[in-house]
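Structural overview
These are the residues of each chain, in order.
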Amino acid sequence: MKFAVLIYGSVLGGVLSGATLFAQTGWHYDFYQEGNFPKAALTVPWAIRKGQVVGEYDVPGGVHAYVQTGKTFTTAEPSGSKDSYLSGINVHGLAVGGYCPLGCNAETGQHGYTYDTRTGRTYSFDFPLKGAGTTAFGINDFGVIVGGYCPDSPVCPQGAFNPAGHGFVDDHGVFTTLDFPNAQGTSPFAINDSGTIVGYYDINNTGPHAFLYENGTFTTIDFPGSSYTLATSINNSGAVAGLFANSTGLHGFVYRRGKFTQVDKPGATGTGVTGISDRDELVGVWFPTTGEENFKAIPEKGPTSGPQN
């Protein structure tokens, strides 16, 4: 599956140049190493809620979903899964993601699933269209799920961000298609308790562009001057987190009340924010000179200005 590559690989290949990155005026964050799944080559955290982190880890033979509680990591995927990820979790400990029974490739489709961190139970589901591939990305505290689907899974097995991809909202089994107007691909990635949805879309290969969907209206929220913006998370205060690329590289961002704050881990050649909690904690991945590492970033009280340190 290599779900992380969907977001990071395409950015890194085109824009990173080893530049030293600084934060714009905004909130100040203290960065901490979030920990790695034991013996994993790469651990990517995708969401954080009430101290629990969900994501994916990479070991020889596959990519697998995990839940992290404190320093304890647990594999969290349906029985028989070869590749999986979790990218959203709500206050009740119900996480959501996607998996492939035989691996995500041109011969097999992907399915959405939920994982209950309290019981360890999984529940698999699909967009109600024969042959469709389904990806589930986000879930709110009321159990409403957002994600993407592809009408023909052998063509786009992940059902996510691609020319044939469509977004959906799953309200307890009632599915509604959610597509950005005139877009060739739409991926709703997160939803908060107010029903506000964020994600990204592409029109004529000009994207991806970040969007916010609220009260029936789509709004593009690209970071100013960026060539590539993804909105990956939103909390119940309406703060949006994500990542963008420009001429200086890959950066994280937080978007609050119409204003952007650039987020860069000091010393990194690239930073990507994947999740934001209701306490404004961030999780994501940063890139040192070689390789990748994950992080948790905790904000200090109130905004500050100048470079982060």
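Presented here is an overview of the structure given in this document. (Residues numbered from 1 in each chain as written. Predicted model: local features only at pLDDT ≥ 70, side-chain atom pairs only at ≥ 80, totals over all residues. Heavy atoms only, no water.)

Scanning the chain from N- to C-terminus turns up one helix and 24 strands. A burial count over the chain gives 59% of its 309 residues as buried. By sequence separation, contacts in the chain at least 24 residues apart represent 45% of the contacts at least 6 residues apart. With an accessible surface of roughly 12500 Å², the chain has 52% of that area assigned to carbon and sulfur atoms. (Helix = DSSP H or I, 4+ residues; strand = E, 2+ residues; numbered from the N terminus. Buried < 20%, exposed > 50% of the residue type's maximum accessible area, 1.4 Å probe, protein only. Contact = heavy atoms within 4.5 Å. Areas by Shrake-Rupley, 256 points an atom, 1.4 Å probe, with all protein chains shown as cover.)

Okay, the pattern of salt bridges next. What the rule picks out here adds up to five salt bridges. Across the pair Asp280 and Arg256 runs a salt bridge whose closest N-O atoms are separated by 3.4 Å. Separated by 24 residues along the polypeptide, Asp280 in the loop between β22 (270-276) and β23 (282-287) and Arg256 in strand β20 (residues 249-256) bring together distant segments of the chain. Across the salt bridge formed by Lys296 and Glu281, the nearest N and O atoms sit 3.7 Å from each other. A residue pair is termed long-range when its members are at least 10 positions apart, and Lys296 in strand β24 (residues 293-304) and Glu281 in the loop between β22 and β23 qualify at 15 residues. Salt bridges sharing common partners tie together Arg49, Asp141 and Asp278. (Salt bridge = Lys/Arg side-chain N within 4 Å of Asp/Glu carboxyl O.)

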